[in-house]
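Residue-level listing of the chains:
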Amino acid sequence: MVDKSEKFRWAVRLGFAARGIVYVLIGYLALTAKRTDASMEHALDWLQDAPLGVPILYLSALGLLAYGLFRLASLFFDVENAGTSQKGIAKRIGNGASGLVHLVLAWTALKFAQGDKQTATDSGSQEAAGTLLSFAFGSFALGVIGLGLLAAAVFQAKAAISASFTRKISPDAPAIITTLGRIGSAARAVVFLIVGWSLVQSAWLGSTAEVKSLGDALRSLTDNGLLYTVVAAGLLAFGLFSLLLARYRIVPDISRADLTPRFG
């Protein structure tokens, strides 16, 4: 019988695979002269009419849900052992912000899987931000999420330089995983910086007008053709990296007695 820890590992691996599929599609759409379609929502929309698209969407929704919960667990239970130092707290907040983004994306994937044939737009991010702003302390919460993404951008940039992510990858992984991880992390640092800053601005102004999705962030680079192409290719590389992580990532072994991760 599969124990809870094994189920947890399989769920996390499914999450990495789902994230990989979405990023590969974003990079593909961005690099095939479909710049206005390069977003997470359009990637899911594209899957609707693809062969076996609906089953893949359902699996993607489940995987993105699992990945989002994994990142939230990193925030609240420190399952990746970031610690309670200033740096560790910043990393955990970044993981939490990423978790919320992927939970929203999981809900979007589920709607597409259930047959929503409306044209995908990037309005989901603004709608989610608008809902948050309608609550007391909503602006504060939105600002914290924005700061979390800015922190995530910094850590992604550092990962691109140091390849620190290799500490959590099996030594059996192919060598190219490091190159893909570096390129993908650098691209994500750029888009996280743009999206995070847009959320901080929106929180300050109390308006959703400034909110940018990943697709908006990528399109904002179109005036600089070379940078746009490099970032789009980087997102595609990150998708391939995530697909490899689904197989080779060392997932924390969490016991019921404690929540101490063991990377071994």
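The structure we're discussing is the one just above.
Residues numbered from 1 in each chain as written. Predicted model: local features only at pLDDT ≥ 70, side-chain atom pairs only at ≥ 80, totals over all residues. Heavy atoms only, no water.

## Describing unusual backbone geometry
Residues other than glycine seldom take positive phi values, yet Asp78 does so here, at roughly 50 degrees. Looking at the secondary structure, you find Asp78 in the loop between helix H3 (53–76) and helix H4 (86–113). Phi at Ala163 takes a positive value of approximately 55 degrees, unusual for a residue other than glycine. By the element assignment, Ala163 lies in the loop between helix H6 (138–162) and helix H7 (176–205). Assessed through its relative accessible area of 5%, Ala163 is described here as buried. (Helix = DSSP H or I, 4+ residues; strand = E, 2+ residues; numbered from the N terminus. Buried < 20%, exposed > 50% of the residue type's maximum accessible area, 1.4 Å probe, protein only.)

## Some points on a positive patch on the surface
On the surface, Lys87, Lys91, Lys158 and Arg167 cluster together into a positively charged patch. Structurally, the position occupied by Lys87 is in helix H4. Owing to a relative accessible area of 54%, Lys87 belongs among the exposed residues under this scheme. (Patch = residues over 30% accessible without salt bridge, like charges linked within 9 Å, V, L, I, M, F, W, Y side chains within 5 Å. Areas by Shrake-Rupley, 256 points an atom, 1.4 Å probe, with all protein chains shown as cover. Salt bridge = Lys/Arg side-chain N within 4 Å of Asp/Glu carboxyl O. Lys, Arg positive; Asp, Glu negative; His and termini not counted. Charge placed at Lys NZ, Arg CZ, Asp CG, Glu CD.)

## So, the packing of H3 against H4
Angle between the axes and distance between the axes: these two values describe a pair of packed helices. It is at 7 Å that the axes of H3 and H4 come closest, and there the two elements cross at 160 degrees. Judged by the inter-axis angle, H3 sits roughly antiparallel to H4. Both H3 and H4 take part in a crossing whose hand is left-handed. (Axes fitted to C-alpha atoms, helices over the stretch in contact; angles between N-to-C directions. Parallel < 35°, antiparallel > 145°, perpendicular 65-115°, else oblique. Left-handed = near helix turned anticlockwise from the far one by under 90°.)

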